[in-house]
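# Fold and geometry: a report
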Amino acid sequence: MKKGIILLLMLSIASFCVFTGCSKEQSAGKKIIVATDATWPPMEYVDENKNIVGFDIDLLSAAAKEGGFAVEFQNTAWDGIFAGLAANKYDAVCSSVTITEERKKTMDFTNPYVSIGQTIVVKKELNGMEQLPQFEGKKVGAQIGTTGAIEIAKYKNITLKTYDEIGLAIEDLSKGRIDAVVCDNPIAANYALLNPKYKPVLKIVGTPFTTEEYGIAVRKGNKEVVDMINAGLAKIKAKGIDKELEKKWLR
Amino acid sequence: MAKINNKTKIEVTDGVLIPARDDSSIFSAWRIAFYGAISVLVLLPVLSPEPYCHVFKFVVGFNEDWHFDFASSGLVKTFEVTVLSIICALIIGLLVGLGRISRYPVINRICTVYVEVIRGIPLLVQLFYIYYALAKFVKIMDISAAVIAMAICYGAYISEIFRAGIQSIPKGQMEAALALGMTRSQAIYRIILPQTIKVVLPPIGNEFIALLKDSSLVSILAVSDLLRRGREYASTAFYYFETYTMVAIIYLILTLFFSRLVAIMEERMKTDVNQG
């Protein structure tokens with residue numbers, strides 16, 4: 001019996017090695033390592049098979065295919081993601097990164113690939129609150145370091161609660177511990193309109209109140225990778241692949 | 001025989017090294033660390049106000065013109081969590097500690113199981129469990145969830161201190177009290193516990209320092225304590241090195257300060273015992 005277990009273990013390890021070995025052999029050309037915080041459905045998240053999937057993932061993979069380079073995604077916590085980029089741990093961050101002036105000071109961006117806006121999610125029974133200033137004196141949650149958190153912080157009388165993951169903020173909202181959550185509209189739609197658990201209790205109010213563009217962040221001065229990704233992005237735009245992906249993930 | 005007597009006692013605790021008066025080398029190590037940390041805390045913001053000064057203001061809770069904002073202060077939140085937790089943990093610890101020396105097998109067994117279960121689960125997991133898993137049944141606000149989890153965890157450790165403290169009181173004390181006609185519970189409240197408190201105060205001080213450090217774990221529950229304020233600052237301003245340097249130094253100063261207080265308290269206790 002014991003021998004059987006050991007044999008099974010060794011077999012699984014061996015098959016795992018073979019499996020990873022195969023995936024490595026496939027990658028031809030230059031390979032870049034891309035960090036993503038896979039807690040942001042539908043842009044990037046971990047599916048039930050523990051694979052990182054989502055719009056960003058498909059888009060960059062398609063761009064890599066067209067541009068003739070390979071990408072490897074690495075799941076990284078959001079609040080240290082740019083520190084890792086600066087510390088040379090990976091070549092790019094493709095994780096729904098909004099291009100902001102503040103961020104441009106410390107990193108370079110590729111051309112924008114999709115535009116979104118910040119949206120407010122509240123509980124279904126809350127009526128008449130549609131604008132962020134109306135939430136003065138209330139608790140509003142967002143993921144730490146996101147543009148949503150930065151927007152809330154502009155209002156001094158709103159108590160900003162920052163979460164490590166947007167999913168935890170949504171969970172707290174559904175439990176009534178906070179009054180609203182601010183996040184990008186595709187994510188808000190995914191939780192409040194599609195998610196079977198949150199669909200009955202949450203809703204989106206108002207229209208997106210900011211206009212932002214996602215770009216892929218690259219270490220300051222790393223022009224090679226920026227050009228490589230930009231070339232790939234241009235090719236998939238010309239072929240209309242990006243529109244197909246938007247239809248697949250964002251509708 | 002001599003060999004046995006020469007055996008040195010090895011004490012390893014969770015808290016920082018508590019200096020004793022007579023141990024000059026440790027005391028000077030404390031001095032170097034404490035005054036060094038304070039001078040770094042003062043010098044960094046003075047020498048490069050951007051970003052150290054901003055980090056300090058943001059984390060400790062000053063707004064731009066140095067007005068202290070109580071509600072948004074990470075320092076105040078850290079203290080709030082620590083002090084509330086240690087109070088609750090002391091109550092739990094005392095009750096469970098008494099339960100563990102109880103003569104009633106049921107109470108004894110329940111308390112022992114509690115200690116075994118809690119000590120076997122990482123504090124981080126307990127925090128998640130109480131905050132997210134129990135939220136299914138009861139609505140607990142963030143800070144009370146943090147306090148409950150910390151109190152339940154540290155209550156188990158502190159109960160062990162109480163139990164050891166009670167058992168360290170010589171048996172003769174109890175026997176004498178019983179011989180004078182006291183009931184067992186009277187003897188415990190009037191004779192045993194007052195003596196126990198003197199024995200257990202220094203280790204409880206140690207637990208307090210350990211709890212102050214562990215309180216940084218509650219930042220995962222979106223409690224805006226020192227660490228989370230630091231992370232909030234770093235994640236938007238991208239000054240990671242500077243922010244975490246300041247946060248670490250503030251924690252270091254706090255724990256060193258309290259370790260000194262505990263040492264002084266221990267000193268006082270000793271003289272009190274000698275005089276009494």
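Residues numbered from 1 in each chain as written. Chains lettered and ligands numbered in written order. Predicted model: local features only at pLDDT ≥ 70, side-chain atom pairs only at ≥ 80, totals over all residues. Heavy atoms only, no water.

## Observations regarding the packing of aromatic side chains
All names here are of chain B. The final tally for this structure, using the stated rule, is 20 aromatic pairs over all chains. Summarising the aromatic geometry, the rings of tyrosine 131 and tyrosine 132 are spaced 4.7 Å apart at their centres and angled 90 degrees between planes, so their arrangement reads as edge-to-face. Given a relative accessible area of 0%, tyrosine 131 falls into the buried group. For tyrosine 132, a relative accessible area of 14% puts it in the buried group. (Phe/Tyr/Trp six-rings, centres within 6.5 Å; stacked < 30°, edge-to-face > 60°. Buried < 20%, exposed > 50% of the residue type's maximum accessible area, 1.4 Å probe, protein only.)

## Some words on the nonpolar core
Among the nonpolar cores identified, the biggest contains 103 residues, and Tyr113, Ile166 and Ile229 of chain A are the most heavily contacted of them. Setting aside anything within four residues of it in sequence, one finds tyrosine 113 of chain A in contact with Phe55, Asp56, Leu59, Cys94, Ser96, Tyr214, Gly215, Ile216, Leu233, Lys237 and Glu246 of chain A. (Core = buried A, V, L, I, M, F, W, Y, C linked by side-chain atoms within 4.5 Å. Contact = heavy atoms within 4.5 Å.)

## Observations concerning the sheet that holds strand β4 (residues 52-53) of chain A
All names here are of chain A. One open sheet accounts for three strands, arranged β2-β3-β4; its pairing is antiparallel. Either end of the sheet is taken by a strand with one partner, and the two such strands are β2 (39-40) and β4. Judged from the two bridges that link them, strand β3 (residues 44-46) and β4 form a sheet pairing that is antiparallel. Within the sheet, the bridge partner assigned to tyrosine 45 lies in β4 and is valine 53. (Pairing = 2+ DSSP bridges. Helix = DSSP H or I, 4+ residues; strand = E, 2+ residues; numbered from the N terminus.)

## Concerning the domain arrangement of chain A
Interface size is often expressed as the accessible area that is lost when the parts come together. Residue and element names in this part refer to chain A. Considered domain by domain, chain A is made up of domain 1 (29-115 + 213-250) and domain 2 (118-205). Each of domain 1 and domain 2 was reduced to a C-alpha centroid, and the two centroids are 25 Å apart. Buried area between domain 1 and domain 2, summed over both chains or domains, comes out near 1100 Å², and the portion from carbon and sulfur atoms is 62%. The largest share of the area that domain 1 buries against domain 2 comes from Trp40, Pro41 and Trp78, three residues that together contribute 46% of it. Scanning the region where domain 1 abuts domain 2 turns up zero salt bridges. The interface formed by domain 1 and domain 2 includes four residue pairs in polar contact (both at pLDDT 80 or more). Sorting the residues of the side of domain 1 that touches domain 2 by element identifies β2 and β6 (92-98) as the ones contributing at least two each. Tallied by class, residues from the side of domain 1 that touches domain 2 come to seven nonpolar, four polar and three charged. (Domains from an automatic or database assignment. Buried area = accessible area lost by both parts, 1.4 Å probe. Salt bridge = Lys/Arg side-chain N within 4 Å of Asp/Glu carboxyl O. Polar contact = N/O pair within 3.5 Å; in protein donor to acceptor, adjacent residues only side chain to side chain. Nonpolar A, V, L, I, M, F, W, Y, C, P; charged D, E, K, R; others polar.)

## Side note on the side chain of threonine 36 of chain A
Relative to the helices and strands, threonine 36 of chain A is located in strand β1 (residues 30-36). On the basis of relative accessibility, which here comes to 0%, the residue threonine 36 of chain A falls in the buried class.

## A closer look at the confidence of the model for chain A
Averaged over every residue, the pLDDT of chain A is 87; residues scoring 70 or more account for 88%. The low-confidence segment residues 21-27 of chain A, where pLDDT is below 50, has one contact with residues more than four positions distant or belonging to other chains. (pLDDT = per-residue confidence, 0-100.)

## Points about the interface of chain B and chain A
Contacts between the two partners involve 18 residues from chain B and, on the opposite side, 22 residues from chain A. Buried area between chain B and chain A, summed over both chains or domains, comes out near 1900 Å², and the portion from carbon and sulfur atoms is 51%. In terms of surface lost to chain A, no three residues of chain B exceed Tyr132, Phe238 and Tyr240 of chain B, which account for 29% of the buried area on that side. For aspartate 164 of chain A, the salt bridge is made with arginine 231 of chain B, and the minimal N-O distance between the two is 3.0 Å. Taken together, chain B and chain A are joined by nine residue pairs in polar contact (both at pLDDT 80 or more). Those elements that provide at least two residues to the side of chain B that touches chain A are α6 (123-133), α10 (226-237) and α11 (240-275) of chain B. Split into classes, the residues belonging to the side of chain B that touches chain A amount to 10 nonpolar, two polar and six charged.

## Description of the domain arrangement of chain B
Residues and elements named next belong to chain B. Considered domain by domain, chain B is made up of domain 1 (23-62 + 238-276) and domain 2 (73-223). Counting residues at the interface gives 14 residues for domain 1 and 14 residues for domain 2. Between domain 1 and domain 2, a total of about 1300 Å² is buried, with carbon and sulfur atoms accounting for 83% of that surface. Counting the surface domain 1 buries against domain 2, the share from its top three residues, Tyr251, Phe258 and Met269, is 36%. At the boundary of domain 1 and domain 2, one finds zero salt bridges. Run the count over domain 1 and domain 2 and you get two residue pairs in polar contact (both at pLDDT 80 or more).

## Observations concerning unusual backbone geometry
Residue proline 42 of chain A follows proline 41 of chain A across a cis peptide bond; omega there is 5 degrees. Structurally, proline 42 of chain A is set in the loop between β2 and β3. For the bond from glutamate 50 of chain B to proline 51 of chain B, the omega torsion is 5 degrees, close enough to zero to count as cis. Among the secondary structure elements, proline 51 of chain B is positioned in helix α3 (residues 49-60). Its identity as a non-glycine residue notwithstanding, alanine 222 of chain B has a phi of 60 degrees, on the positive side. Among the secondary structure elements, alanine 222 of chain B is positioned in the loop between α9 (184-214) and α10. Despite not being glycine, phenylalanine 238 of chain B shows a phi value in the positive range, around 65 degrees.

## Digging into the pairing of strand β12 (residues 180-184) of chain A
Residues and elements named next belong to chain A. Counting buried positions along β12 yields five of five residues, so the element is predominantly enclosed. Pairing of strand β9 (residues 118-123) with β12 involves four bridges; the strand directions are antiparallel. From the neighbouring strand, threonine 119 faces β12, where its bridge partner is cysteine 183. Pairing of strand β10 (residues 139-143) with β12, which is carried by two bridges, proceeds in the parallel orientation. By the bridge assignment, valine 140 is partnered in β12 with alanine 180.

## Thoughts on helix α9 (residues 241-250) of chain A
Residue and element names in this part refer to chain A. Listing the buried residues of α9 in full gives Ile241, Asp242, Leu245, Glu246 and Trp249. Angular distribution of buried residues about the axis of α9 spans 140 degrees; they occupy a single face of the element. Residues of α9 that are exposed and point over 90 degrees away from its buried face: Lys243, Glu244 and Lys247. The inward-facing, buried residues of α9 contact β3, β4, α2 (55-67), β8 (114-116) and α8 (223-239). (Arc of directions from axis to C-beta.)

## Section: helix α6 (residues 166-174) of chain A
Residues and elements named next belong to chain A. In terms of burial, α6 is a largely internal element, nine of the nine residues being buried. By the burial criterion, the buried members of α6 are Ile166, Gly167, Leu168, Ala169, Ile170, Glu171, Asp172, Leu173 and Ser174. Positive backbone phi, at 80 degrees, marks glycine 176, one or two positions downstream of α6.

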